[in-house]
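The lines below spell out each chain.
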Amino acid sequence: MQFFLSQKDRLTLGANGAYPNTLIEIDKEGSQKKHDVHEKVTRPWIRHYFYTQLLRELGSGDIIEARDRNLIDILKTTLPLAENSYAESSLSCWRIFIDTSFKTIETKWLSGQRKIFLKEKFSKAVEHIEIEPPFSNPQRSFLFLDENRFLRRLPKIPIKLFFSFSNNYLSELLEILKQSVLQNPHNRDVEHLMYLFYKGFNAIPELIEFAKNNNRSEYLEWIYWAEDDKRSLAEMRRSRNEFELAFYFYDSASLTPAEYKEIADWYLSESEFKFAYHFYYKAKEFEIAQDILQNIGIKEFSALAKMRHLINSSSELNENTIKNLFEQELETLQGFNRIRANESYQRIASSPSLQFDRETVENKYAFGELTEEEYLRLLAQLRDRRH
């Protein structure tokens, strides 16, 4: 390279990958040894330094485009892709970012540990963490000459640059992550990194579709855990007829009464009466719930009570406690049904005479919505209206 080039010329040559040609290795004794730049795994990191300097001086949109193109090449050096012989399987430069963005949790009713996404920590990590060349790069500790002919280390790169790609390169970035996951079916870290990128670009529905289309059921379940999507986790268990696990997921999800009723109807159709009772209760279908509770008896209720208790406490329930709970729930349901029957009576009693007849009153009484006293009173009103 010529010695009398301007600083801008050197920056341009560096950004184009024509400078420097060699790297410097300094050993413990201070001796220097030159190495050719590894064009595939090291050159993109060097180019990034020169693009950064050019942007400070020129701020050109074309340079930003070129820098983003180069960041794609840098990303490839950090992933276990076939083109780099799967060298970076440990994702060393992304490790802090991944570990910071999740919290590991345990559940009493399901063995193993699960990860939950932490939005605030993820956002801080994107803003503040920088990545360095991965451990798989043998030149990661070598030095290069900058535009002023000073020796510099390979640059650190702010993670936020990877989350500010223009649409021109976003699809390519996501495609590289897809390849990395498909080529490494047993590498959980790659899946976690892919999730973080899709999360950052608000593309989780597309990630879920990717997992479904490629039959990655374990990854799909992991995504639902990270998203804290208990309803979808329950649906996965339901599709396998795993009634008990589906119960736990449905019970911990925040659903509407109509949704709880649909779940209760499904359990009832599968003859899972204690679970059907539980969700009819949550759906406020008190008449059906009371009927089921009176029929399942104390034994089935005992199993349900222990499952409920497991979610909130690790202590054991004794027989007396379970019996008391059974009686309390039955009394509560009877109370709710009396209240509803009274409300029904008030509606009928205050209606114009043309809006109800003896058949309506007979049906209400037959289904337990009216007490004996209310039934007789309404019949008397009907007789009075005829006169």
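You'll find the structure just up there.
Residues numbered from 1 in each chain as written. Predicted model: local features only at pLDDT ≥ 70, side-chain atom pairs only at ≥ 80, totals over all residues. Heavy atoms only, no water.

Comments concerning the pairing of strand E1 (residues 22–26)
Defined as follows: Note: two strands are recorded as paired if DSSP finds a minimum of 2 bridges between them. Secondary structure counts use DSSP, requiring at least four H or I residues in a row for a helix and at least two E residues in a row for a strand, with both numbered from the N terminus.
Relative to strand E2 (residues 32–36), E1 is paired through 5 bridges, and the arrangement is antiparallel. Residue pairing for E2: Thr22 is matched across the bridge by Asp36.

A closer look at the pattern of salt bridges
Heads up, the rule is: By definition, a salt bridge exists where a carboxyl oxygen of Asp or Glu is found within 4 Å of a side-chain nitrogen of Lys or Arg. Here the term buried applies to any residue with accessible area under 20% of the maximum for its type, exposed to any over 50%, and partly exposed to those in between, with areas from a 1.4 Å probe on protein chains only.
Following the criterion strictly, the structure yields 22 salt bridges and no others. Across the pair Glu242 and Arg237 runs a salt bridge whose closest N-O atoms are separated by 2.9 Å. The exposure class assigned to Arg237 is buried, which follows from its relative accessible area of 9%. Connected through salt bridges with shared partners, the residues Arg47, Arg69, Asp73 and Glu172 form a single ionic network.

Looking at the packing of helix H7 (residues 188–200) against helix H9 (residues 217–226)
Our working rule: Axis angles are defined between N-to-C directions and span 0 to 180 degrees, where every axis is a line fitted to C-alpha atoms and, for a helix, only to the segment in contact. Should an angle fall under 35 degrees it is taken as roughly parallel, and over 145 as roughly antiparallel, whereas 65 to 115 is taken as roughly perpendicular and any remaining angle as oblique. Left-handed describes a crossing whose near helix is turned anticlockwise from the far helix by less than a right angle; the clockwise case is right-handed. The contact criterion used is simple: two residues touch if any of their non-hydrogen atoms lie within 4.5 Å. Polarity classes work like this: nonpolar for Ala, Val, Leu, Ile, Met, Phe, Trp, Tyr, Cys and Pro, charged for Asp, Glu, Lys and Arg, and polar for all others, with Gly in that last group.
Taken N-terminus to C-terminus, the directions of H7 and H9 make an angle of 50 degrees; their axes are 11 Å apart at the nearest point. The angle between H7 and H9 falls in the class oblique. As H7 runs across H9, the sense of the crossing is right-handed. Mapping the contact onto sequence places Arg188, Glu191, His192, Met194 and Tyr195 in H7 and Glu218, Tyr219, Trp222, Ile223 and Ala226 in H9. In the contact of H7 with H9, the residues fall into 6 nonpolar, 1 polar and 3 charged.

Let's talk about the packing of aromatic side chains
For clarity, the cut-off: Within 6.5 Å between ring centres, the rings of Phe, Tyr and Trp (the latter by its six-membered ring) count as paired, and their orientation is classed by plane angle as stacked under 30 degrees, edge-to-face over 60, tilted in between. Only when the NZ atom of a Lys or the CZ atom of an Arg is both within 6 Å of the ring centre and within 35 degrees of the ring normal do we say a charge sits over the ring.
Per the stated rule, a full pass over the model turns up 36 aromatic pairs. Both rings, one in Trp94 and one in Phe162, keep their centres 5.4 Å apart while their planes meet at 70 degrees; by these two values the pair is edge-to-face. Of this pair, Trp94 sits in the loop between helix H3 (61–77) and helix H4 (95–100) while Phe162 sits in the loop between strand E8 (157–158) and helix H6 (167–183); the two residues are 68 residues apart in sequence, bridging distant segments of the chain. Residue class for Trp94 comes out buried when judged on its relative accessible area of 0%. With 5.6 Å between their ring centres and 70 degrees between their planes, Trp225 and Phe249 make a pair best called edge-to-face. Pair noted here: Trp225 is in helix H9 and Phe249 is in helix H11 (residues 243–252), with a separation of 24 residues, a long-range link. Lying across the ring of Phe275, Lys274 places its NZ or CZ 4.6 Å from the centre.

A short note on the environment of Pro138
The topology assignment puts Pro138 in the loop between strand E5 (130–131) and strand E6 (143–145). Separated by 51 residues in sequence, Pro138 and Asp189 place their C-alpha atoms 22 Å apart.

By themselves, these figures tell us nothing about what the structure is for.
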